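Inside the fold
Residues per chain, in single letters:
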Amino acid sequence: MGRHQQAETLGLIASLICALASGLIMELYLTFASAIWLVSGRLFSVCAGVVAACAVISFIVGYTRQSRSWSLKRGWIVPVRRAFETLSLSVVYASTVFLSVYAMLGVINGIMGISLFSSYIPSVTAIFSGVVGYVVFVQADTLNSQTIASLLPLFVVSGVSTAGLTTDDPNWWKNNFSQLGDRTTFAARMFNSTLILAGICVVILSYFAISELITTQRMRLKWRIVNGTGEAPKVGDEPKTEFDIPHFWARILCLVILLTLAGVCFAGVGMFRYTPHPILHNVFARGLSLPMSLLMIFLPWLAPQLSRAMYVVSDLIIATIVIAGFNWLQGNTTLTNVEALACILFMGWFIVFSRQIAAIEADRVYAQLTAERPVSVVPPDSRISPQN
């Protein structure tokens with residue numbers, strides 16, 4: 001079997017193991033847990049935690065099963081970096097799965113009621129674990145930044161939706177999003193934790209995006225295909241081309257700083273609630289607009305490898321948020337709507353940005369594969385023209 005067929009087969013095995021293990025764990029939990037831990041909120045947290053644990057184990061096995069980075073032949077930096085990547089991505093998957101499963105359990109409980117739904121808890125947990133174990137294992141085996149970025153909006157929407165549905169303040173939306181997390185209830189903790197983990201996810205995804213841009217640039221400069229023969233010129237003899245980006249490292253540094261600041265601001269909003277820390281909360285909340293705006297406005301200079309359509313989309317997003325802001329100042333909408341729009345558009349922009357990076361990665365891999373493949377050189381006169 002090839003790699004992808006092996007991944008599908010092992011994903012099915014992981015699905016069965018996760019389903020059986022999680023079902024057994026929940027049966028034992030319902031049997032031996034005290035009454036206080038069978039309350040719906042805590043019970044759903046345990047269920048979501050079990051499913052998230054299955055996702056983490058499946059991801060680690062799938063992501064590292066064919067990796068050669070654990071060897072110390074090239075020093076200790078490579079294994080440490082691989083371990084950091086594995087841990088970081090595990091946090092992304094665990095957070096996304098936990099919040100998504102918790103939200104779905106809340107919806108099912110609202111339909112059936114806890115008295116009826118509690119008897120189905122082991123079965124439902126086993127089903128969720130089986131699906132998650134399969135999907136995560138297959139994704140981990142062929143992981144790219146496009147897949148990771150697609151998890152971010154699901155994670156944020158699940159956390160915010162769950163917090164909004166379970167809060168005891170029905171009027172939170174009349175002020176701003178900060179009011180949803182400005183309490184000590186479970187819903188507020190859920191909302192703040194979502195923002196903190198979302199900021200961490202943005203920083204992690206930024207790390208992978210920057211790594212790919214650097215790798216692609218190095219490949220283009222040091223390994224160029226000449227006349228379709230796959231021959232590479234000697235170091236120092238490469239001609240200047242459009243791939244020679246002026247001040248490349250300065251651009252990369254600015255991109256790293258802005259992406260990191262955006263992630264830190266996200267985390268800071270959830271870390272410092274408004275009531276006990278009004279100054280710090282406002283610094284992070286209002287400061288988030290600065291790196292977001294600079295990223296979108298100066299994207300053509302920061303990342304010239306991207307397509308022009310990406311730059312147009314960035315400008316349209318800035319214009320849309322500005323119009324919404326003026327609409328709020330005139331009293332035609334609430335600040336919550338403006339914040340929600342800005343958050344959704346930024347998440348959408350970040351997904352498109354990551355997909356652009358994934359496309360660059362795919363083109364790089366394809367160029368490497370085609371260059372390594374032997375190519376027969378055909379005389380120009382005997383080649384078939386494109387028209388024929």
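This is a predicted model, so every value here is computed, not measured.

1. Section: the overall build of the protein
- If you tally the helices and strands in the protein, you get 14 helices and 0 strands.
- If you list the helices and strands of the protein from N to C, you get α-α-α-α-α-α-α-α-α-α-α-α-α-α.
- The proportion of buried residues among the 388 residues of the protein is 41%.
- Partitioning the intrachain contacts of the protein with sequence separation of at least 6 by distance along the chain shows that 73% fall at a separation of at least 24.
- Split by element, the accessible area of the protein, about 21000 Å² in all, is 66% carbon and sulfur.

2. Examining the side chain of S206
- By the secondary structure assignment, S206 is in helix α8 (residues 186-222).
- A relative accessible area of 4% places S206 in the buried class.
- Discounting chain neighbours no more than four positions away, the residues touching S206 are L259 and F350.

3. Considering the nonpolar core
- Counting 79 residues, the largest nonpolar core has L152, L306, W349 and F353 as the members making the most contacts within it.
- Of all the elements, α8 adds the most residues to this core, at 13 residues.
- What F353 contacts, discounting residues up to four positions off in sequence, is A209, L255, L259, L299, L306 and M310.

4. Description of a nonpolar patch on the surface
- Taken together, the side chains of V107, I111, M112, L116 and Y120 make up a nonpolar region of the molecular surface, amounting to roughly 490 Å² of accessible area.
- Mapping Y120 onto the fold places it in the loop between α4 (114-117) and α5 (121-141).

5. Some details on the pattern of salt bridges
- In this structure the tally under the stated criterion is 1 salt bridge.
- With its nearest N and O atoms 3.6 Å apart, the salt bridge here joins D182 to R273. Of this pair, D182 sits in the loop between α7 (178-181) and α8 while R273 sits in the loop between α9 (248-271) and α10 (278-287); the two residues are 91 residues apart in sequence, bridging distant segments of the chain.
- Looking at R273, the relative accessible area reads 23%, which means it is partly exposed.

6. A few points about the environment of T334
- Its location among the elements puts T334 in the loop between α13 (308-329) and α14 (335-372).
- Spatially, the C-alpha atom of T334 lies 7.7 Å from that of N176, the residues being 158 residues apart in sequence.
- If near-sequence neighbours (up to four positions away) are discounted, T334 is found in contact with W173 and W328.

7. Observations concerning the confidence of the model for the protein
- Summary statistics for the protein give a mean pLDDT of 80 and a share of 85% for residues scoring 70 or more.
- For the stretch residues 225-242, pLDDT sits under 50, and the model shows 20 contacts to residues farther than four places along the chain or on other chains.
- Residue range residues 374-388 is modelled with pLDDT below 50. Its contacts to residues more than four positions away, or to other chains, number 4 contacts.

8. Some words on unusual backbone geometry
- We note that H247 has phi near 55°; this positive angle belongs to a residue other than glycine.
- Among the secondary structure elements, H247 is positioned in the loop between α8 and α9.
- Relative accessible area serves as the criterion here: at 60%, H247 is assigned to the exposed category.

9. Some words on the packing of helix α1 (residues 3-32) against α5
- It is the contact of α1 with α5, at a shortest axis distance of 7 Å, that shows an interaxial angle of 155°. Here α5 runs roughly antiparallel to α1, going by the angle between their axes. Here α1 runs over α5; the crossing is right-handed.
- Broken down by class, the residue content of the contact of α1 with α5 amounts to 15 nonpolar, 8 polar and 4 charged.

10. Some remarks on α13
- Over its 22 residues, α13 runs 32 Å from end to end, which matches the ideal 32 Å to within 8%, given 1.5 Å per residue.
- Within α13 the residues assigned to the buried category are M310, Y311, S314, I317, I318, A324 and G325. For α13, the angular spread of buried residues about the axis comes to 155°, placing them on one side. The exposed set on the far side of α13, more than 90 degrees from its buried face, consists of R308, L316, I323 and F326.

11. Details of the environment of T275
- Looking at where T275 falls in the secondary structure, it is placed in the loop between α9 and α10.
- With relative accessibility at 55%, the residue T275 sits in the exposed group.
- Taking C-alpha positions, T275 is 9.7 Å from S178, a pair spaced 97 residues apart along the chain.
- A distance of 2.5 Å separates a polar atom in the side chain of T275 from a polar atom in the side chain of D182.

12. So, the packing of α1 against helix α2 (residues 40-64)
- At a minimum axis separation of 10 Å, α1 and α2 run at an interaxial angle of 155°. Taken together, the axes of α1 and α2 are roughly antiparallel relative to one another. With respect to the hand of their crossing, α1 and α2 are arranged in right-handed fashion. On the side of α1, the interface is formed by A14, C18, S22, I25, M26, Y29 and L30, while α2 contributes L43, V46, C47, V50, C54 and S58.

13. Quick look at the packing of aromatic side chains
- Applying the stated criterion across every chain yields a total of 14 aromatic pairs.
- Aromatic pair F98 and Y102: ring centres 6.3 Å apart, planes at 25°, arrangement stacked. With F98 and Y102 both in helix α3 (residues 77-112), this residue pair falls 4 residues apart, about one helical turn.
- Owing to a relative accessible area of 5%, Y102 belongs among the buried residues under this scheme.

About the thresholds
- Residues numbered from 1 in each chain as written.
- Predicted model: local features only at pLDDT ≥ 70, side-chain atom pairs only at ≥ 80, totals over all residues.
- Heavy atoms only, no water.
- Helix = DSSP H or I, 4+ residues; strand = E, 2+ residues; numbered from the N terminus.
- Buried < 20%, exposed > 50% of the residue type's maximum accessible area, 1.4 Å probe, protein only.
- Contact = heavy atoms within 4.5 Å.
- Areas by Shrake-Rupley, 256 points an atom, 1.4 Å probe, with all protein chains shown as cover.
- Core = buried A, V, L, I, M, F, W, Y, C linked by side-chain atoms within 4.5 Å.
- Patch = residues over 30% accessible without salt bridge, like charges linked within 9 Å, V, L, I, M, F, W, Y side chains within 5 Å.
- Salt bridge = Lys/Arg side-chain N within 4 Å of Asp/Glu carboxyl O.
- pLDDT = per-residue confidence, 0-100.
- Axes fitted to C-alpha atoms, helices over the stretch in contact; angles between N-to-C directions.
- Parallel < 35°, antiparallel > 145°, perpendicular 65-115°, else oblique.
- Left-handed = near helix turned anticlockwise from the far one by under 90°.
- Nonpolar A, V, L, I, M, F, W, Y, C, P; charged D, E, K, R; others polar.
- Expected span 1.5 Å × (residues − 1).
- Arc of directions from axis to C-beta.
- Polar contact = N/O pair within 3.5 Å; in protein donor to acceptor, adjacent residues only side chain to side chain.
- Phe/Tyr/Trp six-rings, centres within 6.5 Å; stacked < 30°, edge-to-face > 60°.

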